[in-house]
Amino acid sequence: MALYIARRLIWTLVVVLAVLGLTFVVFYLLPAGDPALRFAGRSPTPETLAEIRHRLGLDHPWWYQFGRYSWHFFAGDQYGWPGLGYSYSGGFSVMSQITTRAPRTLFLIMGAAIIWLTLGVTIGVISAVKRRSWIDRAAMGFALFGLSAPVFWLGLMALFIFWRELGLPFDTGYEPLSAGVWNWSRHLILPWCVLALLYAGIYARVTRNSLLETLGEDYIRTARAKGLSERSVILKHGLRASLTPIVTMFGLDIALLVGGAVITESVFNLQGLGWLAIDSALGQDLPVVLGVTMLTAVAVAVMNLIVDIAYAFLDPRVRTQ
Amino acid sequence: MVLLLAAVATAIGVAASVGSASSGSAKKSLAGGTYRIGWDTEFGWTDSFDPTGEYLADGFGIYTNLMLRTLVAYPHTAGPAGTKIVADLATAVPKPTNGGKTYTFHLKAVKFGPPVNRLVTSKDILYSMERLANPKDGGQYVFYYDDSELGAIKGFHAYATGKAKTISGIRTPNARTIVFNLTTAEGDFLNRMAMSATAPIPVEVAKCFEGKPGAYGRDVVSTGPYMIEGADQVDDSSCSALQPMSGYDGQTNLTLVRNPNYDPKTESTGRLALPDSFVFTVDTNTDDIYNKIKAGQLEQNEVSAPSKPIREWATNPSLKKLLHYNSGDGTYYVTMNLTQAPFDDIHVRKAMNLIIDKDGLRKAWGGPISGTIATHIVPDSLEGNILKNFDPYKTPGEQGSLAKAQAEMKLSKYDPGHTGKCTASQCKGVLFIQGERFQDTQMTPIIVADAAKIGITFKVRVAKPAYPVIQTPRKNIPISERPRWFKDYADALTFFAALFTSKAIIPSGNTNYSLVGITPAIAKKVGATGDLTNVPSIDDKYAVCQAQIGDARVACWAALDKYLMLNVVPWVPYLSAYNVYTLGSTVAKWDYDQFSGTTAFARVAVKG
């Protein structure tokens, strides 16, 4: 098991380095306009542009810029660890911008994840057990709706119905926890539900299909023949074996949402990491874009690692390979 | 008789005191509250709210109305009255001496807000000018003060390039006096000194941000009626102790509260300063902003409203009175490159003006609610309405005229058969740069279809963003519908200087898209290629107008505008845009600041 974990850790490091290199190439080397021009303003002279390029460190060779960035990423810089540099726009440290925005995104993801996991797995189990009944059809219809409805539409409809028409205090924007649990949560309830609806649909379908497949296995028939209760057969024997794809998906979904819940963040004015990435990309604020991308990549890599380790516990065959 | 006069005088006195008490009590009853503004998507500062580098209207609107006082300013109201220069920090608007080359200002006793808390001196204004000159501090509009460019303050360029330790053209004989010596008489020098970048900056705070453009934006020290919340908590004893003011987080929220050091008795620009605070909050959901305005959670949006809420306000009887239109003093246009075929032929450019459905282009922006059809370069408000009825390419309903366009095209060298259609190969597959906005996707098909009627076909390329592409002369872009231009201050020079002089042609960030006045030497420098043989220049006419003052100056600019439209034809102007504000029912008083083209925050009030 220790060897398995060690092998996974090394691969995680390799993946992070590869992403660092690719991201640097995409944002710094491929032609996307001159960031210095973006910050030079009206009618810049060549001297002004040269001054800006020097200040932003863009006048060094690419390999120097990459080496310096990589070194700071692992060793830290004057703003702390990891060293992500400073924003071209305003000179704020990238790390401070990420740490300011990250709680919004993380709370959004965590709350939505609890809802979609609970809802999705429950619906999937019920649907599998009551296969072909009206409950199954209703549940899968609900799942299809969640999968099909665009997130931005769901968000706008939720705001229209619950906030504007019904006058419920589920507002847009973000309040930190320090403003009180109620003030914090009432700004997140609608985004949680909207984001969870999409994933609940997916998880319900995957759980149903996976459980149905497992319930058809010989050992399940054996368990029933031995006289175990149906509840025990389904939840203890059936669901456990069905969880492998759920765990895989969950890890990846959480990691990708770290930088990718842009639409939900935009509709509900949460201004989390996803919005930070988009806004910075449009403004050619490359260090911020690179910082958020690296954070997402590390999150994906770490979650993959956790998922792989979880596999080893769930499925003994994995750790003996 | 004496008794009668005394009675009349008493009556007048009583009436006056009642009037002033009424206006005073009216002002008092409007005072208080928090004025809340929703900001669409992002603040979009050009220099992170550092006044030295901010060059867009949003920043100017907040600075000039609420936070920063300049030597001279504007009355923060709409229309021509709003573009009249008045004294702000100066005791009076000075008359230039020395043949129009010397301006002497005497300062009022005005204090900086916290954390500086001392009187503003002439050296603070000198410092802000030096900061503007220093390329390491990210100054914008430097060309308005640089004596090597548009011609202004003596010694500015030498200081900016490190050849001098001071700006020789600025003297501070005492703490209350500052003198500017110019290289040539500049009729709009006072307008330039009303720009926010010239507001005094305390060196004890700003020195901590030398060489870090934008960083001062989180610690801007106020001289106006409001300051950034938390300014009084900042420790300016040393740079290491200096922290950002808590009321501005740099990206999502800006809160301004009353500046305790502001003395209304020194006010001469009409700032009323009625609300107790202003809160500007970024909202990434535009619909949400307007929903909140209707729900009474916000007073207004910061920028001109898009067409959807404008239509809603315009068609709702209870909201209609809360809809305000004002001239944005800007022109939207299709630009044509005079060095690139087929637009190197003036007849083709004129034909484009005659064929394009300008009314259709305006529809893309929301129709008549978005503005009036532009028929020449500079908005009428900047040219004293001299060209109000000037429409050299008039067509029925401004929807284009095939007959007129064909008649013009027949005169072109690209229509050798005189068929009224451009038959030369140079007219086929012409590169057309389309912008990234929603309206660009609506306008491009109109322009493409109209041009095809006179034989010009385009190869449309969408550039996201478009400005870096069209602002690079070596890319030789023939045509684009993306540009629009707004005044910097109420003088037409702010159009002509950057858009049509040969000096304005630069390798990157070029705004003379048409390359008017380009010479072979300039073309070589910027990498532009194409036909340079017939590109006219307006430099000499521009120089004549630049030296004028008063009505003669305005008339000169109008004449130059006319000349450009008839003899150069670099654009197809199509829209003189309005700035439209959709207010909430909680707004008790509102005005428009014609200088900045934004809300006159200095003159708003919110219901208690």
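This structure is a prediction, so every number in the text was calculated from the model and none was measured.

Enquirer: Account for the overall build of chain B, naming residues and giving values.
Expert: Along the backbone of chain B there are 18 helices and 21 strands. At 26 Å, chain B has a C-alpha radius of gyration in line with the 25 Å of a compact globule built from 608 residues. Classification of the 608 residues of chain B by burial places 55% in the buried group. In chain B, of all internal contacts separated by at least 6 residues, the share reaching a separation of at least 24 is 71%.

Enquirer: Account for the overall build of chain A, naming residues and giving values.
Expert: Tallying secondary structure elements over chain A gives 15 helices and zero strands in all. Seen through its principal axes, chain A has C-alpha atoms that stretch 85 × 60 × 35 Å. The 321 residues of chain A split such that 39% are buried. Expressed as a percentage of contacts within chain A between residues at least 6 apart in sequence, the contacts between residues at least 24 apart total 69%.

Enquirer: Before we move on, could you go through the nonpolar core and cite the residues and values that matter?
Expert: Formed by 168 residues in total, the largest nonpolar core has its most connected members in B:Met67, B:Leu256, B:Val334 and B:Phe496. Each of domain 1 (34–280 + 587–606) and domain 2 (327–579) of chain B gives at least three residues to this core.

Enquirer: Any details on the interface of chain B and chain A? Residues and values, ideally.
Expert: On the chain A side, the residues contacting the 31 residues of chain B number 28 residues. Counting residues per element, the side of chain B that touches chain A draws most heavily on helix α7 (residues 286–295) of chain B, at three residues. Partitioned by chemical class, the residues of the side of chain B that touches chain A number eleven nonpolar, 14 polar and six charged.

Enquirer: So what's going on with helix α18 (residues 550–568) of chain B? Which residues, and what values?
Expert: Residue and element names in this part refer to chain B. With 19 residues, α18 extends 26 Å between its outermost C-alpha atoms, agreeing within 8% with the 27 Å of an ideal straight helix rising 1.5 Å per residue. Among the residues making up α18, those that are buried are Val554, Cys556, Trp557, Ala558, Leu560, Asp561, Leu564, Met565 and Val568. Downstream of α18 by one or two residues, Val569 has phi in the positive range, about 55°.

Enquirer: So what's going on with the environment of B:Leu242? Residues and values would help.
Expert: Residue and element names in this part refer to chain B. With respect to the helices and strands, the residue Leu242 is situated in the loop between β7 (226–228) and β8 (253–258). By C-beta crowding, Leu242 is classed as partly exposed, having 18 other C-beta atoms within 10 Å. When the C-alpha positions of Leu242 and Gly32 are compared, they lie 31 Å apart, and in sequence the two are 210 residues distant. The residues contacting Leu242, other than those within four sequence positions of it, are Val205, Cys208, Asp219, Val234, Asp235 and Asp236.

Enquirer: Account for the sheet that holds strand β5 (residues 170–174) of chain B, naming residues and giving values.
Expert: Residue and element names in this part refer to chain B. Taken in spatial order, the three strands make up an open sheet running β4-β6-β5, and their pairing is antiparallel. The sheet is open, and its two edges are formed by β4 (102–106) and β5, each paired on a single side. With strand direction ignored, the average angle separating the axes of adjacent strands in the sheet is 20°. Those strands touched by helix α3 (residues 122–133) are β5 and β6 (177–181), and its axis lies near 165° from that of β5.

Enquirer: Give a description of the domain arrangement of chain A that names residues and reports values.
Expert: Segmentation of chain A into domains returns domain 1 (33–80) and domain 2 (99–320). Each of domain 1 of chain A and domain 2 of chain A has a C-alpha centre, and the two are 39 Å apart.

Enquirer: Could you give me a rundown of the pairing of strand β14 (residues 458–462) of chain B, with the residues and numbers involved?
Expert: Residue and element names in this part refer to chain B. In this sheet, β14 lies alongside strand β13 (residues 430–434) in parallel orientation, the contact comprising five bridges. Of the residues in β14, the one forming a bridge with Val430 is Phe458. The parallel pair β13 and β14 is bridged by helix α13 (residues 438–453), and the resulting crossover is right-handed.

Enquirer: Hey, could you go over the domain arrangement of chain B for me, with residue numbers and the actual values?
Expert: Residue and element names in this part refer to chain B. Taken domain by domain, chain B comprises domain 1 (34–280 + 587–606) and domain 2 (327–579). Between the C-alpha centres of domain 1 and domain 2 there is a distance of 34 Å. With 15 residues of domain 1 at the interface, the matching set in domain 2 holds 16 residues. Its residues assigned to classes, the side of domain 1 that touches domain 2 comprises eight nonpolar, five polar and two charged.

Enquirer: Account for the packing of helix α10 (residues 346–355) of chain B against helix α12 (residues 402–409) of chain B, with residues named and values stated.
Expert: All names here are of chain B. Two elements in contact, α10 and α12, have axes separated by 8 Å at closest approach and are oriented at 180°. Classified by the interaxial angle, the pair formed by α10 and α12 is roughly antiparallel. Facing α10, whose interface residues are His347, Val348, Lys350, Ala351, Leu354 and Ile355, α12 presents Leu402, Lys404, Ala405, Glu408 and Met409. Residue classes in the contact of α10 with α12 are distributed as seven nonpolar, one polar and three charged.

Enquirer: Summarise the pairing of strand β11 (residues 323–336) of chain B; cite the residues concerned and give the values.
Expert: For a regular strand, the rule is simple: side chains alternate between the two faces of the sheet. All names here are of chain B. A large share of β11 lies buried, amounting to twelve of its 14 residues. The pairing of β11 with strand β16 (residues 484–486) spans three bridges and is antiparallel. Bridge pairing in β16 places Gly330 opposite Phe486. Direction of pairing for β11 relative to strand β15 (residues 479–480): antiparallel, over a ladder of two bridges. Within β15, the residue paired with Met336 across the bridge is Ile479.

Enquirer: Please give an account of the sheet that holds β8(B) that cites residues and values.
Expert: Residue and element names in this part refer to chain B. Sheet architecture is open: five strands sit in the order β7-β8-β9-β1-β10, paired in mixed fashion. Strands at the two margins of the open sheet, each flanked by one partner only, are β7 and β10 (300–301). Strand direction decides the pairing type here: strand β1 (residues 34–40) and β10, joined by two bridges, are parallel. Bridging from a neighbouring strand, Ile37 pairs with Gln300 of β10. Against the sheet, helix α2 (residues 57–67) contacts β7, β8 and β9 (277–283), and its axis sits at roughly 125° relative to β7.

Enquirer: Break down the confidence of the model for chain B for me, with residues and values.
Expert: Residue and element names in this part refer to chain B. Averaged over chain B, the pLDDT score is 92; the fraction of residues at 70 or greater is 95%. Below pLDDT 50 for its whole length, residues 1–23 participates in zero contacts with residues either more than four positions away or in separate chains. Predicted as a complex, the structure gets a pTM of 0.85 and an ipTM equal to 0.79.

Enquirer: Pulling in residues and values, what's your account of the packing of helix α7 (residues 151–165) of chain A against helix α9 (residues 189–215) of chain A?
Expert: Residue and element names in this part refer to chain A. In the contact formed by α7 and α9, the axes pass within 10 Å of each other and the chain directions differ by 140°. The handedness of the crossing between α7 and α9 is right-handed. In this structure, α7 contributes Val151, Leu154, Gly155, Ala158, Leu159 and Phe162 to the contact, and α9 contributes Leu190, Cys193, Val194, Leu197 and Leu198.

Enquirer: Tell me about the environment of A:Ser93, and name the residues and values.
Expert: Relative to the assigned elements, A:Ser93 resides in the loop between α4 (62–75) and α5 (94–129). The residues touching A:Ser93, leaving out its near neighbours within four places in the chain, are A:Tyr79 and A:Tyr86.

Enquirer: Quick one: what's the story with unusual backbone geometry, residue by residue and with numbers?
Expert: All names here are of chain B. In this chain, Pro114 is followed by Pro115 through a cis amide linkage whose omega measures 0°. Across the junction of Ala341 and Pro342, the peptide omega takes the value -5°, indicating a cis bond. Within the secondary structure, Pro342 sits in the loop between β11 and α10. Look at Asn98: it is not a glycine, yet its phi comes out positive at around 55°. Positionally, Asn98 belongs in the loop between β3 (86–87) and β4. Owing to 11 C-beta atoms within 10 Å, Asn98 belongs among the exposed residues under this scheme.

Enquirer: Can you tell me about the confidence of the model for chain A, naming the residues and giving the values?
Expert: Across chain A, the average pLDDT comes to 84, with 93% of residues at or above 70. Across chain A, helix α8 (residues 181–186) of chain A holds the top mean pLDDT of 94, while helix α15 (residues 316–320) of chain A sits lowest at 61.

Enquirer: Report on the environment of A:Met157, specifying residues and quantitative values.
Expert: Residue and element names in this part refer to chain A. Here Met157 lies in helix α7. Taking the C-beta count within 10 Å as the criterion, Met157 has 12 such neighbours and is therefore assigned exposed. Put simply, Met157 and Val194 are 37 residues apart on the chain and 9.8 Å apart in space, counted from C-alpha to C-alpha.

Calculation notes
- Residues numbered from 1 in each chain as written.
- Chains lettered and ligands numbered in written order.
- Predicted model: local features only at pLDDT ≥ 70, side-chain atom pairs only at ≥ 80, totals over all residues.
- Helix = DSSP H or I, 4+ residues; strand = E, 2+ residues; numbered from the N terminus.
- Rg over C-alpha atoms; globule rule 2.2 N^0.38 Å.
- Buried ≥ 20, exposed ≤ 12 C-beta atoms within 10 Å, placed from the backbone.
- Contact = placed C-beta atoms within 7 Å.
- Core = buried A, V, L, I, M, F, W, Y, C linked by C-beta atoms within 7 Å.
- Domains from an automatic or database assignment.
- Nonpolar A, V, L, I, M, F, W, Y, C, P; charged D, E, K, R; others polar.
- Expected span 1.5 Å × (residues − 1).
- Pairing = 2+ DSSP bridges.
- Axes fitted to C-alpha atoms, helices over the stretch in contact; angles between N-to-C directions.
- Right-handed = clockwise from strand over helix to strand, strands pointing away.
- Parallel < 35°, antiparallel > 145°, perpendicular 65-115°, else oblique.
- pLDDT = per-residue confidence, 0-100.
- Left-handed = near helix turned anticlockwise from the far one by under 90°.

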